[in-house]
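# A look at the structure
Single-letter residue listing:
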Amino acid sequence: MEVKVLNINGKETGRTVTLSDSVFAIEPNKHAVYLDVKQYLANQRQGTHKSKERNEVTGSTRKIKKQKGTGTARAGSVKNPLFKGGGTIFGPRPRSYSFKLNKNLKRLARKSALALKAKESNLIIVEDFNFDAPSTKNFINVLKALGLDNKKSLFVLGDTNKNVYLSSRNLKASSVVTSSELNTYAIINANNLVLTEGSVEGITENLSK
């Protein structure tokens, strides 16, 4: 699959990049994508929720009334979960929501997400670029030139570029990652995926192992 390379002004450079069919042109496996996204979101959960149970609530353990003869249900103490201020029955406890997926499935999920973007024509290749200094204005100009100023976009760089990263940090709708940081959720969450020339080789190498 050949894709034209654009510059940061949105103009064609006259060059093309060949994208590996084994990565960008496979039949997407949507269930693999679902599982990988589910795992990513599960790993973001802190799981620190906690409610006090009967033995943790502050209160007297004195039996508040006699067992029989009152005409009402028996009750042991004011910490009874049925009373106001009592403990919680089967309340939430701290736990981890993470679960494991094997490497082959996660690799398939990333390939499927990339193939979906390519299939939907939401994949753009731009030449490698840099800024002399961090500038949100310059990054916004790049977005406008590529027609992405009103869309959620993900830029994938070949290597860490501090100036480009800092230039995008204040923009909620755009984010910048390197090819080694790319994950399925980030790809699916963006309307458009922008790959630099230098990142294509790294992505292909990481997903062809």
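Our subject is the structure that appears above.
Residues numbered from 1 in each chain as written. Predicted model: local features only at pLDDT ≥ 70, side-chain atom pairs only at ≥ 80, totals over all residues. Heavy atoms only, no water.

### Here we look at the pattern of salt bridges
Opposite charge on two side chains lets them pair, provided their charged atoms get close. Quick note on the threshold: One speaks of a salt bridge when a side-chain nitrogen belonging to Lys or Arg is within 4 Å of a carboxyl oxygen belonging to Asp or Glu. Segments assigned H or I by DSSP are reported as helices when at least four residues long, segments assigned E as strands when at least two residues long, and all are numbered from the N terminus. Note on exposure labels: buried denotes an accessible area under 20% of the residue type's maximum, exposed denotes more than 50%, and partly exposed covers the range between, all computed with a 1.4 Å probe on protein chains only.
Enumeration according to the criterion identifies six salt bridges in this entry. Measuring nitrogen to oxygen at the nearest pair gives 3.4 Å for the salt bridge that ties Lys-4 to Glu-12. With a closest N to O distance of 3.7 Å, Glu-127 and Arg-15 form a salt bridge. Placement of the pair is Glu-127 in the loop between β3 (123-126) and α4 (136-145) and Arg-15 in strand β2 (residues 12-18), with a sequence separation of 112 residues. Accessibility expressed as a relative area gives 24% for Glu-127, which makes it partly exposed. Residue Arg-15 is classed as partly exposed on the basis of its relative accessible area, which comes to 36%. Salt bridges here are not isolated pairs; linked through shared partners, they connect Arg-15, Glu-127 and Glu-197.

### Observations concerning α4
How we decide: What the arc describes is the spread of directions from the helix axis to the C-beta atoms.
Within α4, burial applies to Phe-139, Val-142 and Leu-143. Along the axis of α4, the buried residues cluster in a sector spanning 100°; they form a single face. With respect to the buried face of α4, the exposed residues turned more than 90 degrees away are Lys-137 and Lys-144. Phi turns positive, to about 75°, at Gly-147, one or two residues after α4.

### Describing a nonpolar patch on the surface
Condition: Within the patch definition used here, like charges are joined within 9 Å and nonpolar side chains (Val, Leu, Ile, Met, Phe, Trp, Tyr) within 5 Å, considering only residues with over 30% relative accessible area and no salt bridge. Surface accessibility follows the Shrake-Rupley procedure with a 1.4 Å probe radius. Residue values consider only the protein chains on display as shielding.
A cluster of nonpolar side chains, namely Leu-82, Phe-83, Ile-89 and Phe-90, defines an oily patch on the protein surface of about 520 Å² accessible area. Mapped onto the fold, Leu-82 is located in the loop between α2 (30-44) and α3 (103-119).

### Concerning the sheet that holds strand β6 (residues 192-196)
This is how it is decided: Pairing between two strands requires that DSSP report at least two bridges joining them. Axis geometry follows a simple rule: fit a line to the C-alpha atoms, using only the stretch in contact for helices, then measure angles between N-to-C directions, giving values from 0 to 180 degrees. Whether two residues touch is decided by their heavy atoms; if any such pair falls within 4.5 Å, the residues are in contact.
A sheet is described by the order of its strands in space; here six strands give the open sequence β2-β1-β3-β6-β4-β5, paired in mixed fashion. With partners counted over all chains shown, the strands left at the sheet margins are β2 and β5 (174-178), one partner each. When the angles between neighbouring strand axes are averaged without regard to direction, this sheet yields 30°. Here five bridges tie strand β4 (residues 153-157) to β5, and the two strands are oriented parallel to one another. Paired with Ser-153 across the two strands is Ser-174, which belongs to β5. In the packing of helix α7 (residues 197-207) onto the sheet, contacts are made with β1 (2-6), β2, β3, β4 and β6, and the angle to β6 comes to roughly 100°.

That is the geometry; function is a separate question.
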